[in-house]
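Fold and geometry: a report
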Amino acid sequence: MDDAATGLVLHSPEGTAYRFDPGALCLELLPTGGPGAYARYEVLHRPADLADWIAACRLDTGEVAVGPAEVAAARELRDALWRLTEARTDGAPGAPGDYEAVNRAAAAPPPVPRIGPDGRRAAPAPTTATAVLSAVARDAVALFTGPYADRIRACGAHDCQLHFVDTSRPGRRRWCSMERCGNRQKVRALRARQADAGGA
């Protein structure tokens with residue numbers, strides 16, 4: 001698997017690793033757990049858990065300080081993003097309280113990019129998880145108010161809850177990942193054709 005590719009490496013219930021690229025930083029936070037039924041998938045329990053997610057996400061952060069309060073803030077932001085994302089895919093308005101949670105997180109200063117003396121991007125300055133969450137929330141604002149707001153999709157597999165931004169030119173992406181759900185659908189379709197042919 002190409003470690004330089006964009007997205008997260010997730011694991012199926014069977015333990016198979018696959019790459020999931022939701023197309024937006026804010027949607028990368030959703031697979032860490034969520035509200036209601038998604039709480040059983042919670043992985044953000046300790047500061048180290050949030051630090052691990054930050055290291056794996058698409059944001060180039062360098063050294064990040066993470067405290068217990070920021071873990072709670074990450075979960076609050078993530079749960080709001082879950083509800084807003086599901087509302088968007090259902091064509092429903094989001095709850096005002098969830099928009100307020102995103103705006104609160106976005107109000108903090110984001111990580112500071114730096115340029116080196118050679119004119120190239122330099123290693124980022126040390127930052128905090130609060131700043132990272134601000135970047136996530138600002139990405140959500142840009143996504144929900146931008147040109148791809150109507151391209152936020154839920155995976156077409158009946159047993160998958162992942163969401164992504166469909167940035168494909170025709171706008172017909174159906175699966176969270178071709179490695180996972182897309183391939184499973186191909187296998188199911190092949191078996192169905194073989195069964196039909198065998199019964200003919």
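The structure under discussion appears in the preceding block.
On a predicted model such as this, the values are computed, not experimentally measured, just so you know.

Re the pairing of strand S2 (residues 17-20)
Where strand S1 (residues 8-11) meets S2, four bridges bridge the pair, whose relative direction is antiparallel. Residue pairing for S2: Leu-10 is matched across the bridge by Tyr-18.

Here's the deal with the pairing of S1
Note on strand geometry: in a regular strand, side chains alternate between the two faces of the sheet. On S1, burial follows the alternation: Leu-8 and Leu-10 on one face are buried, whereas Val-9 and His-11 on the facing-out side are not. Counting the residues in the hairpin turn of S1 and S2 gives five residues, including Gly-15, whose phi is positive at 95°.

A look at the packing of aromatic side chains
For any pair of aromatic rings, the description rests on two quantities: the centre-to-centre distance and the angle between the ring planes. This structure, assessed with the given rule, holds one aromatic pair. The ring of Phe-164 is capped by Arg-173, whose NZ or CZ atom sits 3.9 Å from the centre of that ring.

So, the pattern of salt bridges
The full count for this structure, using the stated rule, is 10 salt bridges. Between Arg-58 and Asp-21 there is a salt bridge, and its shortest N-O distance comes to 2.6 Å. With Arg-58 in the loop between helix H2 (47-56) and strand S3 (64-65) and Asp-21 in the loop between S2 and helix H1 (25-28), this pair connects stretches of sequence that are 37 residues apart. Look at Arg-58 and you get partly exposed, because its relative accessible area is 34%. For Arg-153, the salt bridge goes to Asp-166, with nearest N and O atoms at 3.7 Å. Remark: Asp-166 occurs in the loop between strand S6 (163-165) and helix H6 (178-199) and Arg-153 occurs in strand S5 (residues 152-154); sequence separation between them is 13 residues. Asp-166 gets classed as buried once you look at its relative accessible area, which sits at 0%. Each of the salt bridges in this network shares a partner with another, and the network as a whole consists of Glu-42, Arg-75, Arg-78 and Asp-79.

Digging into the nonpolar core
Core analysis: the largest hydrophobic core is formed by 44 residues, its most contacted members being Cys-26, Leu-50, Trp-53, Leu-77, Leu-81 and Val-136. Of all elements in the fold, only S1, S2, H1, H2, helix H3 (68-89), helix H4 (96-106), helix H5 (129-145) and S6 reach the threshold of two or more residues within this core. A total of nine residues in this core trace back to one element, the largest contributor, which is H5. In contact with Trp-53, other than residues within four places in its own chain, are Leu-8, Leu-25, Glu-28, Leu-29, Thr-32, Val-132 and Val-136.

A look at the packing of H2 against H5
The N-to-C vectors of H2 and H5 enclose an angle of 50°; their axes lie 11 Å apart at closest approach. In terms of their interaxial angle, H2 and H5 are classed as oblique. The crossing of H2 and H5 is left-handed. Listed contacts from H5 to Leu-50, Trp-53 and Ile-54 of H2 are Ala-129, Val-132 and Val-136. The residue inventory of the contact of H2 with H5, partitioned by class, reads six nonpolar, no polar and no charged.

So, how was this worked out
- Residues numbered from 1 in each chain as written.
- Predicted model: local features only at pLDDT ≥ 70, side-chain atom pairs only at ≥ 80, totals over all residues.
- Heavy atoms only, no water.
- Pairing = 2+ DSSP bridges.
- Helix = DSSP H or I, 4+ residues; strand = E, 2+ residues; numbered from the N terminus.
- Buried < 20%, exposed > 50% of the residue type's maximum accessible area, 1.4 Å probe, protein only.
- Phe/Tyr/Trp six-rings, centres within 6.5 Å; stacked < 30°, edge-to-face > 60°.
- Lys NZ or Arg CZ within 6 Å of the ring centre and 35° of its normal.
- Salt bridge = Lys/Arg side-chain N within 4 Å of Asp/Glu carboxyl O.
- Core = buried A, V, L, I, M, F, W, Y, C linked by side-chain atoms within 4.5 Å.
- Contact = heavy atoms within 4.5 Å.
- Axes fitted to C-alpha atoms, helices over the stretch in contact; angles between N-to-C directions.
- Parallel < 35°, antiparallel > 145°, perpendicular 65-115°, else oblique.
- Left-handed = near helix turned anticlockwise from the far one by under 90°.
- Nonpolar A, V, L, I, M, F, W, Y, C, P; charged D, E, K, R; others polar.

On their own, these measurements won't tell you what the molecule is for.
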